[in-house]
Amino acid sequence: MRLAIFWSEILHYHVARIASLVTLARERGDSVYAFAIRAESPDLRFSGYHELLGDRIEILNTLPSLRGMESFQSKRQLLEKLDQKDPDAVAIIGYDSLVSRAALGWCRCHGRGAILMLESQAKDTDRVAWKEIVKAGLVSLYDSVLAGGKAQAAYASQLGVPSERIYTGYDVVDNAFWSTRADTVRSDSTPWREKYSLPPHYFLTACRFVPKKNLDGLLRAYAQYVTRSDCKPWPLIIVGDGPLSSAIRLQVASLGLKSLVHFLGYLSADDMASVYALASVFILASSYSEQWGLVVNEAMAAGLPVLVSNVCGCVPDLVTDGVTGFSFDPSDEKQLTDRLVQISNGSLNLQILGFCARERISHYTPSHFAHNLFAAAEVAVAHARSRWWSYWPSSSIWF
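These remarks concern the structure in this document. (Residues numbered from 1 in each chain as written. Predicted model: local features only at pLDDT ≥ 70, side-chain atom pairs only at ≥ 80, totals over all residues. Heavy atoms only, no water.)

Moving on, we get to the pattern of salt bridges. Counted under the stated rule, the structure contains 21 salt bridges. For Glu378, the salt bridge goes to Arg28, with nearest N and O atoms at 2.8 Å. Taken together, the positions of Glu378 in helix H15 (residues 366-386) and Arg28 in helix H1 (residues 12-28) put the pair 350 residues apart, joining distant regions of the chain. Note that Glu58 and Lys81 form a salt bridge whose closest N and O atoms lie 2.7 Å from each other. Residue Glu58 is located in strand E3 (residues 58-59), and its partner Lys81 is located in helix H2 (residues 72-85); the two are separated by 23 residues in the primary sequence. By relative accessible area, Lys81 is classed as buried at 19%. (Salt bridge = Lys/Arg side-chain N within 4 Å of Asp/Glu carboxyl O. Helix = DSSP H or I, 4+ residues; strand = E, 2+ residues; numbered from the N terminus. Buried < 20%, exposed > 50% of the residue type's maximum accessible area, 1.4 Å probe, protein only.)

What follows is the structure, encoded as structure tokens:
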């Protein structure tokens, strides 16, 4: 089996996935060809993590001006690589970018297995019937699906993919890194508390400052928590940055929370693991279209209980109320406030919740991803050979 896989850029979680794929391929006597469309993400203020992979990843373009998955140059470069490597199957991220559709076209033209790596869930947005019909037709051109989890697999089924060609396990992170790093920091926490001025207890959230992350709703709920708390309120630590940075900081000031809400900006994986390690609970308050929420995986691997908006695609798999944390309705700010009060008043054993969170996420690993992707590849190859229509237009003209 020769398996190709690509992403737009290589972030921390991609490193672990590719490393596990390569390890499993060697055990099986197979080959993996991994590509990144560009060297780094324009959304981050530090370089990507592709250097950790050495020769296990090929970067197609290092120019900062490259447009990524919608670039005709990227499309051409990927198609050239696929022609060179001639894989039996290609794992394709999504279905709505120029590069992804070109890779799908290459598979159909060459009779190779096309695997859809799917993170979408049915409730990500208001679905329009005719668009879903068109999407179902596009998805039918793939031979198998590797979905994030239960919600994403259900959406693939809704789009017409038979259950026997759907696998889960796409949305995983490097659990060993986050857990080991967190335990190391907890064993000697003083340097890290001093570096970031971290208090003994704090709520933590990490995200881009964009509307869907619902930081404004989280801050309103937190402000109510501060007024209701019978004891000294726990501070809120916010990691990240983005277009709404100025608006969020103004909101913090207008709510009178400047002494309690602290911004750490973007952090590398090493520093982020340290901040996870010393937090009391992690919060992801997204209000719409959160396909999964990989920061939840990271926090759970670090041993934190989680408070997660019920729109997030990871909730059915990872969040069990009172066991690994709690889910909440992001439109009901009082519900979130109540959870903040409950968590900080000592009525819950956060250590046990964190232990259960780490146990739950231990079943969502890069090794699980690798095994299920190879299983999906085998199904895809067999299905591609069974397709009755042998002629397809050239992949170079797929838009």
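Back to the text.
As enumerated under the stated definition, the model contains 9 aromatic pairs in all. Arranged with centres 5.4 Å apart and planes meeting at 85 degrees, the rings of Phe203 and Tyr225 form a pair that is edge-to-face. Here the residue Phe203 occupies a position in strand E8 (residues 203-206), and Tyr225 occupies one in helix H8 (residues 215-228), the gap between them amounting to 22 residues. Residue class for Phe203 comes out buried when judged on its relative accessible area of 0%. Note on Tyr225: relative accessible area 0%, which makes it buried. Between Phe209 and Phe263, the ring centres sit 6.1 Å apart and the planes meet at 65 degrees, which makes this aromatic pair edge-to-face. Of this pair, Phe209 sits in the loop between E8 and H8 while Phe263 sits in strand E10 (residues 261-265), placing them 54 residues apart in sequence. These aromatic residues form a ring-pair network of at least three members: Phe177, Trp178, Tyr276 and Phe282. The lysine or arginine in question, Arg17, covers the ring of Tyr170, its NZ or CZ lying 4.7 Å from the ring centre. The lysine or arginine in question, Arg249, covers the ring of Phe263, its NZ or CZ lying 4.3 Å from the ring centre. (Phe/Tyr/Trp six-rings, centres within 6.5 Å; stacked < 30°, edge-to-face > 60°. Lys NZ or Arg CZ within 6 Å of the ring centre and 35° of its normal.)

Right, let's talk about empty space enclosed by the protein for a bit. Enumeration over the complete set of coordinates arrives at 1 cavity of 30 Å³ or more. Computed from the structure, the largest cavity encloses a volume of approximately 30 Å³. Around the largest cavity, the lining residues are Asn214, Gly217, Leu218, Phe328, Asp329, Pro330, Asp332, Glu333 and Leu336. Looking at the lining of the largest cavity, the elements with two or more residues in it are H8 and helix H13 (333-344). The residue makeup of the lining of the largest cavity, split by class, is 4 nonpolar, 2 polar and 3 charged. (1 Å grid on protein atoms, 1.4 Å probe; cavity = no way out; pocket = protein on both sides within 12 Å on 5 of 7 lines; lining within 4 Å. Points joined across faces, edges and corners; volume = space filled by probe spheres on them. Nonpolar A, V, L, I, M, F, W, Y, C, P; charged D, E, K, R; others polar.)

All right, on to the packing of H8 against H13 then. Taken N-terminus to C-terminus, the directions of H8 and H13 make an angle of 50 degrees; their axes are 8 Å apart at the nearest point. One finds that H8 runs oblique with respect to H13. When you trace H8 past H13, the crossing you get is right-handed. Side by side, H8 and H13 meet where Gly217, Leu218, Arg220, Ala221, Tyr222, Gln224, Tyr225 and Arg228 of the first sit next to Glu333, Leu336, Thr337, Asp338, Leu340, Val341 and Ser344 of the second. For the contact of H8 with H13, a count of residues per class yields 7 nonpolar, 4 polar and 4 charged. (Axes fitted to C-alpha atoms, helices over the stretch in contact; angles between N-to-C directions. Parallel < 35°, antiparallel > 145°, perpendicular 65-115°, else oblique. Left-handed = near helix turned anticlockwise from the far one by under 90°. Contact = heavy atoms within 4.5 Å.)

Inspection of the secondary structure assignment puts Arg127 in the loop between strand E5 (113-118) and helix H4 (129-139). For Arg127 and Met1, which are 126 residues apart along the polypeptide, the C-alpha to C-alpha distance reads 37 Å. Not counting residues within four places of it along the chain, the set of residues in contact with Arg127 comprises Ser120, Gln121, Ala122, Glu132, Lys135 and Tyr155. There is a polar contact of 2.7 Å between the side chain of Arg127 and the backbone oxygen of Gln121. (Polar contact = N/O pair within 3.5 Å; in protein donor to acceptor, adjacent residues only side chain to side chain.)

Right, let's talk about the layout of surface pockets for a bit. If you add up the space inside the second largest pocket, you get close to 360 Å³. Taken together, 18 residues form the lining of the second largest pocket, with Arg186, Ala279, Gly303, Leu350 and Gln351 sitting closest to its centre. Elements with a contribution of two residues or more to the lining of the second largest pocket: helix H6 (175-187), helix H10 (269-278) and helix H14 (350-361). A per-element tally of the lining of the second largest pocket places H14 first, with 5 residues. Counted by class, the lining of the second largest pocket contains 10 nonpolar, 5 polar and 3 charged residues.

Before going further, it helps to spend a moment on the sheet that holds E8. Reading across the sheet, the 6 strands line up as E10-E9-E8-E11-E12-E13 and stay open at both edges, with parallel pairing between neighbours. The sheet is open, and its two borders are formed by E10 and strand E13 (325-328), each paired with just one other strand. For this sheet, the mean angle separating the axes of adjacent strands, direction not counted, is 20 degrees. In the sheet, E8 pairs with strand E9 (residues 236-239) via 4 bridges, with the strands oriented parallel. Paired with Thr205 across the strands is Ile238, a residue of E9. (Pairing = 2+ DSSP bridges.)

A few words now on the sheet that holds strand E6 (residues 144-147). Taken in spatial order, the 7 strands of this open sheet run E3-E2-E1-E4-E5-E6-E7, and their pairing is parallel. Because the sheet does not close on itself, it has two edges, and the strands there are E3 and strand E7 (166-168). Here 6 bridges tie strand E1 (residues 2-7) to strand E2 (residues 31-36), and the two strands are oriented parallel to one another. Counted as the bridge partner of Ile5 is Ala34 from E2.

This part covers a nonpolar patch on the surface. A surface patch of nonpolar side chains, amounting to about 310 Å² of accessible area, comprises Val128, Trp130 and Val134. Within the secondary structure, Val128 sits in the loop between E5 and H4. Exposure remark for Val128: the relative accessible area of 35% places this residue in the partly exposed category. (Patch = residues over 30% accessible without salt bridge, like charges linked within 9 Å, V, L, I, M, F, W, Y side chains within 5 Å. Areas by Shrake-Rupley, 256 points an atom, 1.4 Å probe, with all protein chains shown as cover.)

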